[in-house]
Amino acid sequence: MSNTKKNNYKNKSVLLASDCTKNTKLPKEFNKIIDSKFKDLDFIKISVLFTAKLGLINKNRSYEDVKNKAIELFRKQEKKLNIQKDYKIQFIDCSYKKNLNSCINGIKTSNVIWVMGGDTFYLWYHLKNSKVNNLICNKIKKKEILYVGCCAGAIVAGETINPSYIARFYKKSHKYNLKNVYKSEFWDKLNNKKTFKLVKNKDFLPHCRTKKNRVLNMYKNKTKMFCLPEYKPFIK
């Protein structure tokens, strides 16, 4: 790889995908960024935020059950990543107070923040409510970490949470429809719908089949929807 290309990857801080497990191009791009961005480090730390998965907790699924399933899923992703550097993984959550200190310390000391998919509303509510969103955002702006967002993790990387409404409008399942939005009263305030804004003037719509950006009129504001296809990750 030429020095110019290496420098390009050194400055990358955001890697997004609809499905991080099935996206065959993601591991290659991930390792290019890691090798360039953290080339002077012998060891990297990865914090995996599984909070979005906890939106699936119900009377039939306990916290531990959902957490273990999330860990199992990431371990499958980990094998495909084939990370060349020595590394350590910590699983973190910002939705329970008892987990918050560990979550904050994990993010402060990590090189990679990997945000798993799941319930986007549950994820963003707790990121914002715990102020962990500010911590992550500041580290990304300083280019201190690599942010990897999968599905819900990709949506919150955009300007707003609006793509989640679109996804739920077409979902027929009981869990993922507009009648079952987590903390529905919280989203009445437009400011609460604003997410990381890691990419200016873009919202990310995962599992999108068209290559064209969509412009949709929502909440009296024109919002650019960037189609995030299954096969290709977004890098910034």
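A brief structural summary. Computed from a predicted structure; not experimentally measured.

Once that is clear, we can look at the overall build of the chain. What the chain contains, in helices and strands, is nine helices and nine strands. Classification of the 236 residues of the chain by burial places 53% in the buried group. Across the chain, contacts joining residues at least 24 apart in sequence account for 76% of those joining residues at least 6 apart. Working note: accessible area of the chain is about 12,800 Å², and carbon and sulfur atoms make up 48% of it.

Attention now moves to helix 3 (residues 63-81). The terminal C-alpha atoms of helix 3 lie 27 Å apart, and with 19 residues this matches the ideal 27 Å at 1.5 Å per residue to within 8%. Those residues of helix 3 not exposed but buried are Tyr63, Val66, Ala70, Ile71, Phe74, Gln77, Glu78 and Leu81. Here the buried residues of helix 3 occupy an arc of 135 degrees about the axis, which is enough to place them on one side. Next to the buried residues of helix 3 lie helix 2 (26-37), strand 2 (43-49), strand 3 (86-92), helix 4 (97-108) and strand 4 (112-115). Once helix 3 ends, the next one or two residues include Asn82, with phi positive near 50 degrees.

Below, the discussion takes up the pattern of salt bridges. Counting across every chain of the model gives three salt bridges. For the salt bridge of Asp65 with Arg61, the shortest nitrogen-to-oxygen distance reads 3.3 Å. When the shortest N-O distance is used, the salt bridge between Lys139 and Glu144 registers 3.3 Å. When its relative accessible area of 11% is taken as the criterion, Lys139 is described as buried.

Its location among the elements puts Leu205 in strand 6 (residues 203-206). Remark: the alpha-carbon pair of Leu205 and Ser164, spanning 41 residues in sequence, is separated by 7.8 Å.

Moving on, we come to the pairing of strand 3. In the sheet, strand 2 pairs with strand 3 via seven bridges, with the strands oriented parallel. Residue pairing across strands places Ile46 opposite Ile89, the latter belonging to strand 3. The parallel pair strand 2 and strand 3, bridged by helix 3, forms a crossover whose chirality is right-handed.

On to a positive patch on the surface. Taken together, Lys22, Lys69, Lys76, Lys79 and Lys80 make up a surface patch of like positive charges. One can find Lys80 in helix 3.

Thresholds applied
Residues numbered from 1 in each chain as written. Predicted model: local features only at pLDDT ≥ 70, side-chain atom pairs only at ≥ 80, totals over all residues. Heavy atoms only, no water. Helix = DSSP H or I, 4+ residues; strand = E, 2+ residues; numbered from the N terminus. Buried < 20%, exposed > 50% of the residue type's maximum accessible area, 1.4 Å probe, protein only. Contact = heavy atoms within 4.5 Å. Areas by Shrake-Rupley, 256 points an atom, 1.4 Å probe, with all protein chains shown as cover. Expected span 1.5 Å × (residues − 1). Arc of directions from axis to C-beta. Salt bridge = Lys/Arg side-chain N within 4 Å of Asp/Glu carboxyl O. Pairing = 2+ DSSP bridges. Right-handed = clockwise from strand over helix to strand, strands pointing away. Patch = residues over 30% accessible without salt bridge, like charges linked within 9 Å, V, L, I, M, F, W, Y side chains within 5 Å. Lys, Arg positive; Asp, Glu negative; His and termini not counted. Charge placed at Lys NZ, Arg CZ, Asp CG, Glu CD.

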